[in-house]
Amino acid sequence: DQVANQIAAGEVVERPASVVKELLENSLDADASRIRIDVEGGGRKLIRITDNGCGMVKDDALLAFERHATSKLRTSDDLLSITTLGFRGEALPSIASVSRLKLETRATGVATGTMVEIAGGSIIHFEDAGVPPGTVIEVRDLFFNTPARRKFLRSEQTELAQIAAMVTHYALANPTKHFELHSASHALLTAPGARNTAERLFQIFGADTAALMIPVAAEMDFAHAGLPELPPWKRPLDYEAPAPGHLRVTGFISKPELQKLNRNSIYLFVNHRLIRDRLVLHAFTEAYRNIIPPTSFPVVLLFLDMPPEEVDVNVHPAKTEVRFRQPTFVHDFIRDTVRAALTSARP
Ligand code: ADP
Ligand code: MG
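Residues numbered from 1 in each chain as written. Chains lettered and ligands numbered in written order. Predicted model: local features only at pLDDT ≥ 70, side-chain atom pairs only at ≥ 80, totals over all residues.

Student: Report on the overall build of the protein, specifying residues and quantitative values.
Tutor: Looking only at helices and strands, the protein has ten helices and 15 strands in total. Looking at the protein as a whole, 37% of its 347 residues are labelled buried. Within the protein, contacts between residues separated by at least 24 positions form 68% of all contacts whose residues are at least 6 apart in sequence. (Helix = DSSP H or I, 4+ residues; strand = E, 2+ residues; numbered from the N terminus. Buried ≥ 20, exposed ≤ 12 C-beta atoms within 10 Å, placed from the backbone. Contact = placed C-beta atoms within 7 Å.)

And the structure:
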């Protein structure tokens, strides 16, 4: 089944940053409160992620490398109401098929841990190990056995920048968790658990940028799509899940003074899942039209929360693409909410 794994790897594992994404999501799904990432050579030589999550018992540690052996999806109905980030059970077997991978894990409340070593998809070691609770996954020599794929990797600096962006994304989306990123023992990012998103924004972007960000919070009933005369009602930040059937938009957008030359500072999440979406980006272009030049981009940290049936996250294994059931409603609500926040923040 190595061929199937390598084919799947082509979809899931494009570059070191996609490995980091999958491993980060697993640590978050495991309910870790501390996550540390170490990389060498822009992630091509080494990616190591250490978490204090629930860990795996011995049998599960092996099962994790079987394709579609996710522990997270129980029935096909679950596909519509996914609350974990992972659900395909493809990431670990895919990554293991194109690298030398070492897993050390110990489940909460279990005395002994487990160590598994895999090279190019074949298990070479599997034994009990005295390790702390939680999970460490080390991925070395990415694409060592698929030279054609290795050739497509960019410079060490470019790959490292992508990894840093990925970690930043997840740190922003999970403000209460501790994140660390080190490259060849040089600390690139340190974000101790914060109280809320505003504090995390400050930690990550610094005081100057944080001072130029405006909070956004609005919520609307999907059933009222097409009735724009209903004003969205505003709520404070960092509150719990939106009301049933509602679209909620929360986060921070930049004042006109803060402009970027590219979209790299636009951080978007749907139901806490990282996304890249042209429709949502277009909503920003419209909201900022005539406010900043068309060649500039805002800084945005935006969380869209909605009922699972309103969004299909199952479009592509890399899972950054989504399809909204009511795209126009989502687009227009974001545009109007951002516009309103910009207008009200004007002196
Ligand atoms: P998925 O996340 O889609 O379930 P993965 O291939 O990413 O599939 O992971 C396979 C399984 O391995 C997960 O379902 C989970 O049970 C286990 N697992 C992976 N990483 C961790 C981790 N850091 N802590 C605990 N369990 C993990
Ligand atoms: Mg996963």
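Student: An account of helix α6 (residues 156-173) is requested, with residue identities and associated values reported.
Tutor: Residues lying three or four places apart along an α-helix face the same way, a consequence of the helix completing one turn every 3.6 residues. An ideal rise of 1.5 Å per residue puts 26 Å on 18 residues; α6 measures up with 26 Å between its terminal C-alpha atoms. Taken as a whole, α6 has its buried residues at Glu159, Leu160, Gln162, Ile163, Met166, Val167, Thr168, Tyr170, Ala171, Leu172 and Ala173. (Expected span 1.5 Å × (residues − 1).)

Student: Describe the sheet that holds strand β13 (residues 300-305), and please don't skip the residues or the numbers.
Tutor: As a general point, the strands of a sheet are linked pairwise by backbone hydrogen bonds and lie either parallel or antiparallel. Ordered in space as β9-β10-β13-β11-β12, the five strands form an open sheet in which the pairing is mixed. Each of the sheet's edge strands pairs with one partner strand only, and the pair in question is β9 (213-221) and β12 (273-275). Adjacent strand axes in the sheet meet at a mean angle of 20°, parallel and antiparallel pairs treated alike. (Pairing = 2+ DSSP bridges. Axes fitted to C-alpha atoms, helices over the stretch in contact; angles between N-to-C directions.)

Student: Break down the sheet that holds strand β5 (residues 122-129) for me, citing the residues and quoting the values.
Tutor: Reading across from one edge, β5-β4-β3-β6-β2-β1-β7-β8 is the order of the eight strands in this open sheet, with mixed pairing throughout. In this open sheet, the two edge strands, each paired with only one partner strand, are β5 and β8 (186-191). In this sheet, neighbouring strand axes are inclined to one another by 10° on average, regardless of whether the strands run parallel or antiparallel. Pairing geometry for strand β4 (residues 113-119) and β5, over seven bridges, is antiparallel. Residue pairing for β5: Ala119 is matched across the bridge by Ser122. Contacts from α6 reach β1 (34-40), β7 (178-183) and β8, with the element oriented near 15° to β8.

Student: Explain the pairing of strand β10 (residues 246-254) to me, and be specific about the residues and the numbers.
Tutor: Counting buried residues in β10 gives eight out of nine residues, a clear majority hidden from the surface. Here β9 pairs with β10 via nine bridges, running antiparallel. Directly across from Asp221, in β10, lies its bridge partner His246. Where β10 and β13 come together, six bridges link them in antiparallel fashion. Paired with Val249 across the two strands is Leu304, which belongs to β13.

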